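In case you want the letters, here they are:
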Amino acid sequence: MADVSGRPEGSGGPSNAWGQVIAAFVVVGALGGGLWVMQQSSSESSASTLTCSTSTPSASATASAPAAGKKKVDHLTGDQLCRVLNRPDLPALLGTPGEKPTSLGSADDGISLGDGPSPEAKVGLSTYTVQLSASYDDYPVSGMAGLLGGGAREQTVLGRPAVLYSNRTMAFRIRGDKSESAPSHVARCLVVARDPKDGGGSYEVAIWREDSGTPDDAALLRVAQTVLPTIPGWQPAL
């Protein structure tokens, strides 16, 4: 529902310099978005140097005082989600073994439906880009399919309500003092309730192909079922 932008950082050459041409592809998804901190390598051979940031989280990305009658929630940061997502077996889960990350990104202060933050992280590989988001609003996932387009399908994933749907990334390009945006890659997205009782809040995993082809739903589900249980504070379904 909100857009996100990334500022690539590269080797410092003319093709990567800020103020030349900047292009970012992001999902305008069910959860929201914010200001991204990006790392980008010029080739897979240098991708091993990419690491998720360990910067101090912003005030809105930490534990906040609960409203009356609500349980205190420790909000994750984009850096934490980045470390969860940037795992050695991610290429194999996507069906592209042997690939290495070419870019990493994270954001803490996304726009969300509730009062809490909407942290996000993104790992780019040669074939796929994967985006992981968290939302701390009060909206359950059950019944969300009607808001996400005619092709959205309700499912049960890891013992909790989920919705599988299609979306589009947005391409943002900045050339000097001019900017433009347009729909770009097809993305497949999976929204999963943050707790088994679906009491509000969710996680979202989105994948899209760099060749603009249709992403594999099986790959999306493999990533979600493997990555989500490793999120700090994950509550297993009984």
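Residues numbered from 1 in each chain as written. Predicted model: local features only at pLDDT ≥ 70, side-chain atom pairs only at ≥ 80, totals over all residues. Heavy atoms only, no water.

Another point: the overall build of the protein chain. Within the protein chain, the secondary structure is distributed over three helices and nine strands. Residues classed as buried in the protein chain amount to 47% of the 238 residues present. Across the protein chain, the fraction of contacts at a sequence separation of at least 24, relative to all contacts at a separation of at least 6, is 67%. Looking at the protein chain as shown, the accessible area adds up to about 11,300 Å², and 52% of this sits on carbon and sulfur atoms. (Helix = DSSP H or I, 4+ residues; strand = E, 2+ residues; numbered from the N terminus. Buried < 20%, exposed > 50% of the residue type's maximum accessible area, 1.4 Å probe, protein only. Contact = heavy atoms within 4.5 Å. Areas by Shrake-Rupley, 256 points an atom, 1.4 Å probe, with all protein chains shown as cover.)

Across all of its chains, the model carries one aromatic pair by this definition. Look at Tyr203 and Trp234: their rings are 5.9 Å apart centre to centre, the planes differ by 35°, and that puts the pair in the tilted class. Of this pair, Tyr203 sits in strand 9 (residues 202–209) while Trp234 sits in the segment after helix 3 (217–227), placing them 31 residues apart in sequence. Residues Tyr203 and Trp234 agree in their burial class; the two are buried. The aromatic ring of Tyr128 is capped on one face by Arg209, whose charged end is 5.3 Å from the ring centroid. (Phe/Tyr/Trp six-rings, centres within 6.5 Å; stacked < 30°, edge-to-face > 60°. Lys NZ or Arg CZ within 6 Å of the ring centre and 35° of its normal.)

Another point: the state of the cysteines. Evaluated as defined, the whole model comprises one disulfide. Across the disulfide from Cys52 sits Cys82; the S-S distance is 2.1 Å. Here Cys52 and Cys82 share a disulfide; its torsion about the S-S bond, -75°, makes the bridge left-handed. Pair noted here: Cys52 is in the loop between strand 2 (37–40) and helix 1 (78–85) and Cys82 is in helix 1, with a separation of 30 residues, a long-range link. Taken individually, Cys52 and Cys82 each receive the classification buried, so the pair is uniform in this respect. (Disulfide = S-S within 2.5 Å.)

Moving on to the environment of Ala237. Within the fold, Ala237 resides in the segment after helix 3. Residue Ala237 is classed as partly exposed on the basis of its relative accessible area of 33%. A C-alpha to C-alpha distance of 5.5 Å links Ala237 and Pro196, two positions 41 residues apart in sequence. Discounting chain neighbours no more than four positions away, the residues touching Ala237 are Leu158, Gly159, Arg160 and Pro196.

Ranked by internal contacts, the top residues of the largest apolar core, which has 35 residues, are Leu94, Leu132 and Leu228. Secondary-structure elements contributing two or more residues to this core are helix 1, helix 2 (90–93), strand 4 (120–124), strand 5 (128–135), strand 7 (160–175), strand 8 (178–193), strand 9 and helix 3. Counting 13 residues, the second-largest nonpolar core is a separate cluster that includes Met144, Leu148, Cys189 and Ala193. (Core = buried A, V, L, I, M, F, W, Y, C linked by side-chain atoms within 4.5 Å.)

Evaluation of the coordinates by the stated rule reveals three salt bridges. Among the salt bridges present, the one from Asp211 reaches Arg209, with a minimum N-O distance of 2.9 Å. (Salt bridge = Lys/Arg side-chain N within 4 Å of Asp/Glu carboxyl O.)

Bringing helix 3 into the picture now. Within helix 3, the full set of buried residues consists of Ala219, Leu220, Val223, Ala224 and Val227. Buried residues along helix 3 cover an arc of 130° about the axis, so they all sit on one side. Two to three positions downstream of the cap, the backbone nitrogen of Ala218 sits 3.1 Å from a side-chain oxygen, assigning the N-cap of helix 3 to Asp216. (Arc of directions from axis to C-beta. Polar contact = N/O pair within 3.5 Å; in protein donor to acceptor, adjacent residues only side chain to side chain.)

Let us look at the confidence of the model for the protein chain. On average, residues of the protein chain carry a pLDDT of 75, and 61% of them reach 70 or more. Within the model, pLDDT remains below 50 along residues 1–26, and this stretch shows 73 contacts once partners closer than five positions in the same chain are excluded. (pLDDT = per-residue confidence, 0-100.)

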